[in-house]
Amino acid sequence: MLQVQLEVRPDPAEVGRARRWARSRLAGSGIGDDEPLAETLILLISELVTNAVVHTGCPAVLRMLFGGPGVRVEVADASDRGPARRRAAGDDTGGRGLELVDGLADRWGWQHEGAGKRIWCEIDRAEKAAECATDGPDGSSECCGPIREPRVYL
């Protein structure tokens, strides 16, 4: 299993730096920038790092673990306060992060770690979500479905 990590300062500007760093690590692991998996992982990383820097005021460590059936993202910080789901009203500009994580990740959770905590999520890497057809005029293949169905919350 390959593990990479980035230390993140408690500054909202760090979220953009974490996204850029993560994109380069994804590319290095063979996950192309244009793959839906990469975009989903970047969105999850953005949410978890944002939560850490905005809600804790503590430095954090972003980890990505590659291997096995999927990719695991972890954000550890020194705050012992667990994540709290909020119910955002229609016009609220925040409060949707954990719902987004829940809808995009195959699994997620958190645990206390030392004096702080670690929040994690995992996405499975399916080789193909659907069988591919070869019924094009030139015998080419075209994928017939999405990587996975997102969960919808109303």
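Fair warning: this is a prediction, and the values are worked out from it, not measured in the lab.

Undergrad: What should I look at first to understand the confidence of the model for the protein in this one?
TA: As a note on interpretation, predicted positions should not be read in detail where pLDDT is low. When pLDDT is averaged across the protein, the result is 81; 78% of the residues are at 70 or more. With pLDDT under 50 throughout, residues 127-136 is counted as low confidence; its partners more than four residues away or in other chains account for 17 contacts.

Undergrad: Sorry if this is basic, but what is going on with the sheet that holds strand E2 (residues 60-67) here?
TA: Sheets are built from strands that pair by backbone hydrogen bonding, the pairs being arranged parallel or antiparallel. As summarised here, the arrangement of the five strands in space is E1-E2-E3-E5-E4, forming an open sheet in which the pairing is antiparallel. The sheet is open, and its two edges are formed by strand E1 (2-8) and strand E4 (107-113), each paired on a single side. Direction aside, the axes of adjacent strands within the sheet are offset by 15 degrees on average. Where E2 and strand E3 (residues 70-77) come together, eight bridges link them in antiparallel fashion. Within the sheet, the bridge partner assigned to Phe66 lies in E3 and is Val71.

Undergrad: Would you take a moment to explain the pattern of salt bridges for this structure?
TA: Oppositely charged side chains are able to pair whenever their charged atoms sit close together. The full count for this structure, using the stated rule, is twelve salt bridges. Between Asp33 and Arg23 there is a salt bridge whose closest N-O contact spans 2.8 Å. Taken together, the residues span a long stretch of sequence, with Asp33 in the loop between helix H1 (14-28) and helix H2 (36-55) and Arg23 in helix H1 at a distance of ten residues. By relative accessible area, Asp33 is classed as partly exposed at 48%. Arg23 sits in the partly exposed class, given a relative accessible area of 29%. For Lys117, the salt bridge identified is with Asp77, shortest N-O distance 2.8 Å. Placement of Lys117 in strand E5 (residues 116-124) and of Asp77 in strand E3 is noted, with a sequence separation of 40 residues between them. Judged on exposure class, the residue Lys117 and its partner Asp77 are both buried. Overlapping salt bridges, with partners in common, bring together Arg63, Arg72, Glu74, Arg107, Glu113, Arg118, Glu122 and Asp124 in one network.

Cut-offs and rules
- Residues numbered from 1 in each chain as written.
- Predicted model: local features only at pLDDT ≥ 70, side-chain atom pairs only at ≥ 80, totals over all residues.
- Heavy atoms only, no water.
- pLDDT = per-residue confidence, 0-100.
- Contact = heavy atoms within 4.5 Å.
- Pairing = 2+ DSSP bridges.
- Helix = DSSP H or I, 4+ residues; strand = E, 2+ residues; numbered from the N terminus.
- Axes fitted to C-alpha atoms, helices over the stretch in contact; angles between N-to-C directions.
- Salt bridge = Lys/Arg side-chain N within 4 Å of Asp/Glu carboxyl O.
- Buried < 20%, exposed > 50% of the residue type's maximum accessible area, 1.4 Å probe, protein only.

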